[in-house]
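Close look at the chain arrangement
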Amino acid sequence: MLNGRIRLVAAVWLGVVLGWGCGGSDAQPPIQGPHATLPRAPSLVIAVPGDGQVTVTWDVPGDGGSALLDYAVHVYSDEGEVRVVTVPASEPRAVVTELANGTAYAFSVVARNARGRSVASERSDRVVPHVTPGAVQNLVAVESDQTVTLSWDAADDKGMPLDSYFVTPFFEAREGETVRVPATELGKTFHSMTNGMAVRFVVVAYNGHARGPEASIEATPFTTPGVPVLTAEPNAGGGRVFLTWRVDDTGGNPITSYRVTVYLEGEVIRTVETFETRASVESLVNATTYQFTVEAANAAGWGQASERIAAMPTRYPSKPRNATCQGGHGWISFGWEPPEFDYGHPVTGYRLSTVIDGDSADWYTTDPGYHLTTIPNDGRAFSFFIAAGSAAGFGEAARLQCSTWPDRP
């Protein structure tokens, strides 16, 4: 009897274990590895801010022997935990949206498997979602002497207040020092620039977190031209003075015009404008002293006038009058009268010239006559030229043909 009961209990227990009997089930319980544990904490959590959102990534942790099911991304601000975002385990990445631009956030990640949740990862660095401002508008540069003044219209802040503007000058390939301008100011003046050197200025808006697109403009500071160096030469044709000049300093901008001023006894009697670096001032009175200056202009205006220099228009004397010659045995005598016109410069002497056997010969005298004894005494006829000279030089010559008498046999 007792043995029968024992057999019955054993049978019932075996039926329960094997799923036999009333109320039994064919369902199998989850198979767990004998050593499965909680997953390890995710690592290397990185947050990248955007406009109203942050993209969070992390390294996949060890699963503890049981496949990961999902991740919980915890969002923190200065006020504490803001929310939790759950993402599937298929991708270790989450885009957390609907965040406030300008507010700092940090993130930690928790992994989950069938055994449960891991400890939280270390928090990411704090990041601030933000917009990128627009470019400044209507950027203008005004050049002056060693100075460039920039101005612009405010950039679009895209709904997030601007903090400042950054302005960087570039001198050819060299980058200059960047200047920070408060957002309340819409311009900047740069001093101590080099006249004539082009500078490119780059301006960007900044909202404390991101810089907007670049706006750039090129400018060349300049001033009025330097002082010209002037020279004057009277023209022996009479009634004119020929002026030339140079300007070593253009002021950093091309010269567009020159202005010549003519003075007589300290009074301005004429001005002449030209694009060239020379001028012939005509219709002047011979043997009268005039003074001259020249000044140069560029886009900045007229520069300082040159030193005032004096010059006297002049003309060569006319040719001697009534020139004659008479030859004898080994000599020729010449005579003439002074020229009719000296053009304001007294005659100071005369020049007698000829060519003998291919060589030029000149004789000078202050008298209106000359006795010549160095001509070959062979009866040949020679052409002689007699010119009067003054401070202006020697003028037109009177021409004579004369010869010596050969010695008698």
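As shown above, the structure is provided for reference.
Here is a short report on the structure shown in this document. Everything quoted here is computed from the prediction, not taken from an experiment. (Residues numbered from 1 in each chain as written. Predicted model: local features only at pLDDT ≥ 70, side-chain atom pairs only at ≥ 80, totals over all residues. Heavy atoms only, no water.)

Here's the deal with the overall build of the protein
- When helices and strands are counted, the protein shows 1 helix and 30 strands.
- Relative to the globule expectation of 22 Å for 409 residues, the C-alpha radius of gyration of the protein, 53 Å, shows a markedly less compact shape.
- With the C-alpha coordinates of the protein rotated into their principal frame, the extents come out at 200 × 55 × 25 Å.
- Across the 409 residues that make up the protein, the buried fraction comes to 38%. (Helix = DSSP H or I, 4+ residues; strand = E, 2+ residues; numbered from the N terminus. Rg over C-alpha atoms; globule rule 2.2 N^0.38 Å. Buried < 20%, exposed > 50% of the residue type's maximum accessible area, 1.4 Å probe, protein only.)

A word on unusual backbone geometry
- Positive phi, normally seen in glycine, also occurs at glutamine 146, with a value near 55°.
- Note on placement: glutamine 146 falls in the loop between β8 (137–144) and β9 (147–153).
- Given a relative accessible area of 41%, glutamine 146 falls into the partly exposed group.
- The phi dihedral of glutamate 172 is positive, around 55°, even though this residue is not glycine.
- Mapping glutamate 172 onto the fold places it in the loop between β10 (164–171) and β11 (174–175).

Looking at the state of the cysteines
- Going through the model one piece at a time under the given rule, you end up with 1 disulfide.
- Linked covalently through their sulfurs, cysteine 325 and cysteine 402 form a disulfide whose S-S length is 1.4 Å. Across the disulfide from cysteine 325 to cysteine 402, rotation about the S-S bond amounts to roughly -95°, and the bridge is consequently left-handed. You can see cysteine 325 sitting in strand β24 (residues 321–328) and its partner cysteine 402 sitting in strand β30 (residues 393–403), a full 77 residues away along the chain.
- With relative accessibility at 26%, the residue cysteine 325 sits in the partly exposed group. (Disulfide = S-S within 2.5 Å.)

Here's the deal with the sheet that holds strand β29 (residues 381–390)
- Spatially, 4 strands are ordered β27-β26-β29-β30 in an open sheet, and the strand pairing comes out antiparallel. A single partner strand is all that each edge strand has here, and the edge strands are β27 (359–365) and β30. The mean inter-strand angle of the sheet, taken between neighbouring strand axes irrespective of direction, is 25°.
- Relative to β29, strand β26 (residues 349–356) runs antiparallel, the two sharing 5 bridges. When the bridges of β29 are listed, tyrosine 350 appears paired with alanine 388. (Pairing = 2+ DSSP bridges. Axes fitted to C-alpha atoms, helices over the stretch in contact; angles between N-to-C directions.)

Some remarks on a nonpolar patch on the surface
- Judged by side-chain polarity, Leu44, Ile46 and Val48 come together as a nonpolar surface patch covering roughly 270 Å² of accessible area.
- Secondary-structure assignment places valine 48 in strand β1 (residues 43–49). (Patch = residues over 30% accessible without salt bridge, like charges linked within 9 Å, V, L, I, M, F, W, Y side chains within 5 Å. Areas by Shrake-Rupley, 256 points an atom, 1.4 Å probe, with all protein chains shown as cover. Salt bridge = Lys/Arg side-chain N within 4 Å of Asp/Glu carboxyl O.)

Examining the sheet that holds strand β16 (residues 229–234)
- Spatial strand order, β16-β17-β20: 3 strands in an open sheet with antiparallel pairing. Edge strands, defined here as strands with exactly one partner in the open sheet, are β16 and β20 (278–281). The sheet shows a mean angle of 20° between the axes of neighbouring strands, direction not considered.
- Here strand β17 (residues 241–246) pairs with β20 via 4 bridges, running antiparallel. Note on β20: the bridge partner recorded for threonine 244 is arginine 278.

Considerations on the side chain of serine 353
- Note on placement: serine 353 falls in strand β26.
- On the accessibility criterion, serine 353 (14% relative accessible area) is buried.
- A polar contact of 2.6 Å, which involves the side chain of serine 353, links it to the side chain of aspartate 362.
- Every residue in contact with serine 353, bar those within four places of it in the chain, is listed here: Ala361, Asp362, Ser383, Phe384 and Phe385. (Polar contact = N/O pair within 3.5 Å; in protein donor to acceptor, adjacent residues only side chain to side chain. Contact = heavy atoms within 4.5 Å.)

Some words on the pairing of β30
- Where β29 meets β30, 9 bridges bridge the pair, whose relative direction is antiparallel. By the bridge assignment, serine 383 is partnered in β30 with glutamine 401.
- Here β29 folds back onto β30, and the loop between the two strands holds 2 residues.

Section: the packing of aromatic side chains
- All told, the structure shown has 10 aromatic pairs when counted by the stated rule.
- With 5.1 Å between their ring centres and 65° between their planes, tryptophan 58 and tyrosine 71 make a pair best called edge-to-face. Remark: tyrosine 71 occurs in strand β3 (residues 68–77) and tryptophan 58 occurs in strand β2 (residues 54–59); sequence separation between them is 13 residues.
- Using a relative accessible area of 0% as the deciding quantity, one classes tyrosine 71 as buried.
- Over the aromatic face of tyrosine 76 sits the side chain of arginine 123, whose NZ or CZ is 3.5 Å from the ring centroid.
- The side chain of arginine 259 reaches across the aromatic face of tryptophan 302, ending 4.0 Å from its centre. (Phe/Tyr/Trp six-rings, centres within 6.5 Å; stacked < 30°, edge-to-face > 60°. Lys NZ or Arg CZ within 6 Å of the ring centre and 35° of its normal.)

Some details on the environment of glutamate 218
- One can find glutamate 218 in strand β15 (residues 215–219).
- For glutamate 218, a relative accessible area of 56% gives the class exposed.
- Along the backbone, glutamate 218 and tryptophan 336 are 118 residues apart, and their C-alpha atoms lie at a distance of 74 Å.
- Beyond its immediate sequence surroundings of up to four residues, glutamate 218 is in contact with Ala198, Val199 and Arg200.

Comments concerning the environment of valine 247
- Topologically, valine 247 is positioned in the loop between β17 and β18 (257–264).
- By relative accessible area, which is 17% here, valine 247 ends up buried.
- Between the alpha carbons of valine 247 and alanine 104 there is a distance of 62 Å; along the sequence they are 143 residues apart.
- Those residues in contact with valine 247 that sit more than four places away from it in its chain are Pro225, Gly226, Pro228, Ile255, Tyr258 and Ala296.

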